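Coordinate analysis (summary)
Take a look at the letters that make up each chain.
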Amino acid sequence: MASTALRGRARGEERQLAWRRIAWPLIVYSVLTALAVLTLIPIVWMVLTAFKSAPEVAASPPTWIPREWHPENFQAAWEFAPFGRYLLNTAFMAGTIMVLEVLTSALAAYAFARLRFKGRDVLFLIYLGTLMIPRQVTLIPSFLLMRELHWIDTYQGLIIPQAFSAFGTFLLRQFFLTIPYELEDAARIDGASRFGCFWRIILPLSGPALATLAVFIFLFQWNNLLWPLVISNTDGTRPIAVGLRKFLASTAPTGTC
Amino acid sequence: MARSLPTTPATAGAARAYARPGWLRRDHETLSAYLFLAPNAIGFLIFSALPVLAALVLAFYDWDLLLGAKFIGLENFRRLLLEDANFRAAFLNTFYFVAVSVPLSAGLGLAVALLCNQALRGITLFRSIFLLPYVTITVAVALVWRWLYHPDLGLINNLLALVGIDGPSWLVSTRWAMPAIILLTIWKSFGYNMVLFLAGLQGIPEQLYEAATIDGANAWQRFRHVTLPMLSPTTFFVVIISIIGSFQVFDQALVMTNGGPGVATTTLVLFIYQAGFQSFQMGYAAAAAWLLFVVIMVFTLIQFRAQRRWVTYE
């Protein structure tokens, strides 16, 4: 009797093992594959359509694989809008903002995290307060300020107002607070200056935090539309997100405008 | 050394200042602090704090950039709240967008994170695929989706026709334009939520699941009583960030429909943009921006209040 019970339990475990090894992964894979296909459809369709002729793009029903391949579409698009310039503008804008913001945020964060000075808490509260105010609130006054400075349609108009964020300062301050004080004290006793401590101890220890902030800023600026839309009026300063709107008129299929 | 260990950020600094020997303290700490701060603080005060103050003043003025600004008290707010039907529409559209897109995007992100949080071969490939839409430029994919949504030629309605559904006219329909924008937004954002949820899931200690299994909990019970409560701080973060971000929706609405048809997809930020830079009512736009801020603030506060009920902290 005891042996049959044991055998029954073994069979149950076998069934459970089969479920865990085969059935469950199969279910997970099928669901994931279905979702991945849905996610990829717009991207794949975009890439394939880029090679189609104009009549085929408007064909009904739509085709997946181009009947004829037209790689010259890319050249036409490249010539339709000054893409090289857009990319250069975007890279310059996003890159400069990234460097400026990481550097100045790190310096300020060090002061907030490590130094005692008059007005520290008030200033930090002001930083935190503006963090809660959406960018759109300052859109109009910032634009008017740019107009006063004659910075409309300039690189400095695109870059400078976006380069000093409370976000970066706050993020890095929180990270600097986790670095042990002892390291700096040792360096101070060995004669390092405040800036030496910051440059040789705090910064090298903050690689991951600095990199995270840099990636955040770059991605945000690469995708940023609202502020460049307001500031850039010519192709000379237009970043890619604004420049792409040129294709709105030409790509609008009839009936969506 | 009698120096105390850093306890909390606030007291640690204070304890240090007093514990430090005199020769270390005499180095103009305040001066060097201001030097460290200057590059950021000067830029920050001029380009962030000053515009905030200016926006506060501007909201009480009537100014079209050409004639001088005229103080009109609360008139801008009165017009926005009581008279302007377009503002009310933008308000309701934005609420609609937030109410539908945030739960769906967060829910899908959580579901996909649960599926992707398993030790299966090739799972990183799936994770990368789901994150792909997030790293694309919104303007670019919005242009592509305009095509997908075309009533006759678009891929979506043609796919729907395959299964016998007569698709709506999406972006040209007052009723379906907003759902179309929401669908694009979910497609673009759920991968980001997935990453956040994955990080949260991987922080849940394995022992909790083992203990629950020993106590006889089945898979559903483990999910309901271990995963969900342990994940609630992450969920809270995702919900807060998504709500704040969604109230500021702009790019998709501008590119796909420019607020139309009629005002069916005019969001609050699009309204602010149009009032400021198309009708040049600077004070009016600033007032609308403050109302947007109040809405976001109220929702964030409600969330923080409500978190006591459902967020579990260790």
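If you're wondering where the values come from, they're calculated on a predicted model, not measured in any experiment.

What counts and how
- Residues numbered from 1 in each chain as written.
- Chains lettered and ligands numbered in written order.
- Predicted model: local features only at pLDDT ≥ 70, side-chain atom pairs only at ≥ 80, totals over all residues.
- Heavy atoms only, no water.
- Contact = heavy atoms within 4.5 Å.
- Buried area = accessible area lost by both parts, 1.4 Å probe.
- Salt bridge = Lys/Arg side-chain N within 4 Å of Asp/Glu carboxyl O.
- Polar contact = N/O pair within 3.5 Å; in protein donor to acceptor, adjacent residues only side chain to side chain.
- Helix = DSSP H or I, 4+ residues; strand = E, 2+ residues; numbered from the N terminus.
- Nonpolar A, V, L, I, M, F, W, Y, C, P; charged D, E, K, R; others polar.
- Domains from an automatic or database assignment.

On the chain B side, the residues contacting the 93 residues of chain A number 90 residues. Taken together, both faces of the contact between chain A and chain B bury some 8,300 Å²; the carbon and sulfur share is 75%. Contact with chain B buries area across many residues of chain A, yet R116, I140 and Y181 of chain A alone supply 8% of it, more than any other trio. Where E29 of chain B meets R194 of chain A, a salt bridge forms, and the shortest distance between an N and an O atom there is 3.7 Å. The interface formed by chain A and chain B contains nine residue pairs in polar contact (both at pLDDT 80 or more). The element contributing the most residues to the side of chain A that touches chain B is helix α1 (residues 2-49) of chain A, with 17 residues. Residues of the side of chain A that touches chain B, tallied by class, amount to 66 nonpolar, 16 polar and eleven charged.

What follows concerns the pattern of salt bridges. If you walk through the whole model with that rule in mind, you get six salt bridges over all chains. Salt bridges linked by common partners bring E75, R78 and E83 of chain B together as one network.

The next point concerns the domain arrangement of chain B. Residues and elements named next belong to chain B. If you check the domain split of chain B, you get domain 1 (9-58) and domain 2 (76-310). Look at where the C-alpha atoms of domain 1 and domain 2 centre, and you get two points 37 Å apart. Across the boundary between the two partners, domain 1 contributes four residues, which contact five residues of domain 2. Carbon and sulfur atoms make up 74% of the surface buried where domain 1 meets domain 2, a total of about 340 Å² over both sides. By the criterion of area lost to domain 2, the three top residues of domain 1 are A55, L56 and L58, representing 87% of everything that side buries. Connecting domain 1 to domain 2 are zero salt bridges. Linking domain 1 with domain 2 are one residue pair in polar contact (both at pLDDT 80 or more). The class makeup of the residues in the side of domain 1 that touches domain 2 is four nonpolar, no polar and no charged.

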